[in-house]
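# Breakdown of the fold
Residues per chain, in single letters:
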Amino acid sequence: MKTRKLFTLLAALTVATVSATSVYADTTYGVDIDETNISGSTTVKADINGTAGSVAYTIEIPEAIDFGTLENTDAITSQNFVVTLTEWEETGNTSYTGVSVYFKNSTATKENTELTLTTSDNSAGLVLDYDIYTAGGASQLNNTALRDVYFFLDTFTPSDVTTTPQGGTTYQAQLDQYQIGEFLADNSATIDDIAGHYEGLLTFYSMLSTS
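Residues take numbers from 1 onward in each chain, read along the sequence in its written order. Two thresholds apply to this predicted model, a pLDDT of at least 70 for residue-level local features and 80 or more for giving and counting side-chain atom pairs, whereas whole-chain, interface and lining totals are computed over all residues. Calculation of side-chain values draws on the structure's entire complement of heavy atoms; hydrogens and water are dropped beforehand.

### Let's talk about the overall build of the protein
For the protein, the helix and strand inventory stands at 3 helices and 8 strands. When the 211 residues of the protein are sorted by exposure, 27% land in the buried category. By definition in these notes, contact holds between two residues if any of their heavy atoms fall within 4.5 Å. At a minimum sequence separation of 6, the contacts of the protein that also span at least 24 residues come to 76%. All accessible areas in this document rest on Shrake-Rupley with a 1.4 Å probe, and a residue is counted as covered only by the protein chains that are shown. Of the roughly 13,900 Å² that the protein leaves accessible, carbon and sulfur atoms contribute 48%. Strands here mean DSSP runs of E at least two residues long; helices mean DSSP runs of H or I at least four residues long; both are numbered from the N terminus. Each residue is assigned to one of three classes by its accessible area relative to the maximum for its type, calculated with a 1.4 Å probe on protein chains only: buried under 20%, partly exposed between the two thresholds, exposed over 50%.

Structure representation (structure tokens):
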């Protein structure tokens, strides 16, 4: 948002300045004025470069998070994944200090922000919920939604840049398998009724930050 406002300000500054600027360089000829066409129009152009800089960055997110084969048990299964800031390059003067990363379920709405896995292999209707935690399961990250449907993951700063494979910050996805048995009991279903491949899409969003 701040970047967009900055660009708007620069554009307005350029337009306002051009009206009071005479341009002598890079003149293009091709408009003839003669006794028949006694008037013509010339477009006068100028650019002013602002002092605001820019940032190019790359964040590496996991290709997949695989819980493997689930069972009808009370155990929680977990899977670690890594998010890495692999590039941060500043051009000119910039006030940006890092990049904040958010995540959400791809189908999330304001009314339902749960992270879920579903299947098309059966019609039983089981929807598996999972959660995202900091390393080791210390703190749950998807308990307070920001920006309506997104959850805050982390803020990465230039000092976090690394090109080492899996050298970024570790997080943990957890799925409570208790929900399988609970669904079977509530719906008088069998394990064969819910057998299949379950999948969901986790969407990440990044935004430059100034603090």
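### Here's the deal with the packing of aromatic side chains
The way to describe two aromatic rings as a pair is by their centre distance and the angle between their planes. For Phe, Tyr and Trp, where Trp contributes only its six-membered ring, two rings pair if their centres lie within 6.5 Å, and the inter-plane angle classes them as stacked under 30 degrees, edge-to-face over 60, or tilted in between. Per the stated rule, a full pass over the model turns up 6 aromatic pairs. Plain terms: the ring middles of Tyr-102 and Tyr-205 are 6.1 Å apart, the flat faces sit at 45 degrees to each other, and that makes the pair tilted. Placement of the pair is Tyr-102 in strand S3 (residues 98–105) and Tyr-205 in strand S8 (residues 202–209), with a sequence separation of 103 residues. For Tyr-205, a relative accessible area of 31% translates into the label partly exposed. Through successive ring pairs, a cluster of aromatic residues spans Tyr-102, Tyr-150, Phe-152 and Tyr-205. Taking NZ or CZ as reference, Lys-104 lies 5.7 Å from the ring centre of Tyr-150, over its face. A ring is considered to have a charge above it if a Lys NZ or an Arg CZ atom is located within 6 Å of its centre and within 35 degrees of its normal.

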